[in-house]
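Results of the structural survey
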Amino acid sequence: MAGCVSRVELSVSCRSLLDRDLGSRSDPLCVLLQDVGGGHWAELDRTERIKNCQNPEFCKKLVVDYYFEKVQKLKFGVYDIDNKSFDLNDDDYLGGIECTLGQVVSSSVFTRPLELKQGKPAGKGTIMISAEEIKDTRVVYLEIEARNLDKKDFLGKSDPFLEFYKQSDAGTWQLAYRSEVVIKNNLNPCWRKFSVPLQTFCGGDFNKPIKVQCADHDSDGSHDLIGTFETNLTQLQEAGDCSPVEFECIHPEKKQKKKSYKNSGIIRIKSCKIETEYSFLDYVMGGCQINFTVGVDFTGSNGDPKSPDSLHYISPDGINEYLIAIWSVGSVVQDYDTDKLFPAFGFGAQVPPSWQVSHEFALNFNPSNPYCQGIQGIVDAYRQILPQIRLYGPTNFSPIINHVARFAAQSAQQGTASQYFILLIITDGEITDLDQTRQAIVDASKLPMSIIIVGVGEADFKAMEFLDGDNGVLKSLTGEPAARDIVQFVPFRQFKNAPREALSQMVLAEVPKQLVSYYKWQGWPPVKLPEKKKV
């Protein structure tokens with residue numbers, strides 16, 4: 001927990017990007033990666049995709065924790081996105097840069113030429129990055145509609161969208177928010193309720209000028225201005241349930257040309273509310289305990305533990321991939337649990353005395369008290385049980401997921417942000433009960449829990465990647481979508497030669513976001529509120 005000085009949000013824009021699309025311009029997106037050691041990069045965040053645009057100004061800010069005492073190597077990559085998959089390997093690379101977060105935060109605007117690879121420029125493409133410390137955790141929620149907007153399209157009505165700009169200290173306008181791109185063919189649109197961090201919206205200054213632009217969206221990127229107005233958050237806050245605040249949308253050129261010109265429509269602010277957004281550290285420091293459970297795969301495909309080519313074989317120096325995964329992840333998580341008692345289970349083995357296959361047996365052979373003392377306790381229990389069981393099969397995940405989910409459900413009934421559960425499953429391969437596991441994950445997504453799957457060995461882990469909802473929302477067999485993305489899958493082989501902390505950084509990177517998303521979804525504040533946020 002110590003060390004993180006603050007969070008910064010990075011605003012990214014590009015100029016003169018390469019054109020990779022035939023018949024139209026590129027559809028760029030910017031991804032932010034951080035060096036986690038051993039030549040490995042972990043994705044931290046990504047912007048939205050902007051269609052048909054070679055000079056994008058990305059609206060989505062990239063958020064990164066800033067550690068003064070660490071050299072934080074960053075990589076910004078710009079891609080032309082032509083499909084719906086999350087994976088960027090099948091998209092055209094438009095260029096990128098490597099730098100440190102220190103370089104970015106110490107420049108007012110950090111500008112660099114994009115490179116396709118070291119020393120090879122990406123045409124005339126450049127990237128501009130500016131950093132701003134996130135000091136304010138409040139969020140603005142707005143509901144907006146418009147009336148009688150000007151018609152801009154020859155054959156149809158306008159397709160309007162909104163852009164909000166805040167004024168920088170230097171007096172320039174910086175994009176703070178862009179509405180969901182379009183409401184098609186509608187001169188009286190009502191936009192979806194949206195939220196913007198107060199820091200992004202106006203730097204926390206309620207009187208700072210805000211410029212609002214309403215434009216007609218064109219698919220080729222040449223959007224037509226409908227009109228604009230200036231306001232500030234103090235004025236917007238006057239909007240109440242029964243008394244919206246109205247602004248005339250003015251097109252400057254039309255106003256100059258026509259004496260009879262009144263406006264190009266009316267923008268109505270139906271409601272403007274400010275709420276506090278809590279961080280992972282707010283919850284942890286406010287008393288949230290993180291409960292860590294381990295599930296170990298003892299199926300026959302691991303190989304005989306006595307054989308040196310088995311994944312369960314303990315080398316002369318006392319380790320194997322299972323133990324390294326337990327140590328790497330457990331050593332980070334244990335700091336957030338006061339009693340340091342961790343339940344540990346195995347699955348897929350025949351266990352004495354009946355030699356029945358079990359998919360949920362305590363590593364310490366004590367089902368009524370499966371808790372191990374600290375991470376060392378899990379390691380000791382694992383070493384002791386190996387010679388006493390027979391590796392078998394099949395590979396079923398759902399029993400152990402449902403086991404942890406029962407505890408998470410009991411905790412959720414308290415209605416407070418007091419306990420969160422992390423299940424680490426270490427496995428060597430293909431899952432047998434995929435349909436039941438999908439259902440178990442969808443059910444668990446409504447509970448205060450996250451699931452980390454570490455794949456050991458050289459097997460094909462396609463099913464694991466499917467459970468990790470990065471390629472779209474995971475759905476159960478009946479089509480029910482997961483309420484949140486709670487699964488993070490990592491193949492151990494990617495980290496064989498990396499420092500141990502690289503694996504834990506990769507697998508735990510999503511947990512703070514998942515914890516916050518659950519409590520935000522429930523509307524639960526930290527048990528003990530941070531002093532500065534008490535009202």
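Thresholds, definitions, all that
Residues numbered from 1 in each chain as written. Predicted model: local features only at pLDDT ≥ 70, side-chain atom pairs only at ≥ 80, totals over all residues. Heavy atoms only, no water. UniProt positions renumbered as here; feature names shortened; annotations may be inferred. Helix = DSSP H or I, 4+ residues; strand = E, 2+ residues; numbered from the N terminus. Rg over C-alpha atoms; globule rule 2.2 N^0.38 Å. Buried < 20%, exposed > 50% of the residue type's maximum accessible area, 1.4 Å probe, protein only. Salt bridge = Lys/Arg side-chain N within 4 Å of Asp/Glu carboxyl O. Phe/Tyr/Trp six-rings, centres within 6.5 Å; stacked < 30°, edge-to-face > 60°. Pairing = 2+ DSSP bridges. Axes fitted to C-alpha atoms, helices over the stretch in contact; angles between N-to-C directions.

The name an unreviewed UniProt entry gives the chain is Copine-3, with Eudyptula minor as the organism. As stated in UniProt under Subunit (unreviewed entry), the record for the chain gives "Monomer. Interacts with ERBB2 (preferentially with the tyrosine phosphorylated form); this interaction occurs at the cell membrane and is increased in a growth factor heregulin-dependent manner. Interacts with SHC1; this interaction may mediate the binding of CPNE3 with ERBB2. Interacts with RACK1." What UniProt records for the chain under Function (unreviewed entry) is the sentence "Calcium-dependent phospholipid-binding protein that plays a role in ERBB2-mediated tumor cell migration in response to growth factor heregulin stimulation."

Turning our attention to the overall build of the chain. Counting its regular elements, the chain contains 12 helices and 26 strands. Rg of the C-alpha trace for the chain: 26 Å, near the compact-globule value of 24 Å for 535 residues, within the 12% margin. The C-alpha extent of the chain, read off along each of the three principal axes, is 95 × 55 × 45 Å. In the chain, which comprises 535 residues, the share counted as buried stands at 51%.

Before going further, it helps to examine the pattern of salt bridges. In total, this model carries 21 salt bridges according to the counting rule given. For the salt bridge of Glu48 with Arg178, the shortest nitrogen-to-oxygen distance reads 3.2 Å. A residue pair is termed long-range when its members are at least 10 positions apart, and Glu48 in the loop between strand E3 (40–46) and strand E4 (62–67) and Arg178 in strand E11 (residues 173–178) qualify at 130 residues. Take Glu48: its relative accessible area is 22%, and that puts it in the partly exposed class.

For the coordinates displayed, the defined rule picks out 20 aromatic pairs. Consider the rings of Phe229 and Phe247, whose centres lie 4.6 Å apart with planes at 5 degrees: the pair is stacked. Taken together, the residues Phe229 in strand E14 (residues 224–231) and Phe247 in strand E15 (residues 245–248) connect sequence positions 18 residues apart. The exposure classification of Phe229 matches that of Phe247, with both residues buried. Centroid distance Phe292 to Phe342: 5.7 Å. Interplanar angle 80 degrees. Geometry classified as edge-to-face. With Phe292 in strand E17 (residues 289–297) and Phe342 in strand E18 (residues 341–347), this residue pair connects regions lying 50 residues apart in the sequence.

Moving on to the environment of Trp521. Summarising the element assignment, Trp521 is placed in helix H12 (residues 511–522). Judged by relative accessible area, which is 46%, Trp521 ranks as partly exposed. Through-space distance from the C-alpha of Trp521 to that of Glu277 is 11 Å; in sequence the pair is 244 residues apart.

With that settled, the discussion passes to the sheet that holds E15. Here we have 4 strands laid out as an open sheet, ordered E12-E9-E16-E15, and antiparallel in their pairing. Edge positions in the sheet fall to strand E12 (194–197) and E15, since each has one partner strand and no second. Averaged over all adjacent pairs, the angle separating strand axes in this sheet is 35 degrees, with direction ignored. Direction of pairing for strand E9 (residues 138–147) relative to E12: antiparallel, over a ladder of 4 bridges. When the bridges of E12 are listed, Leu142 appears paired with Phe194.

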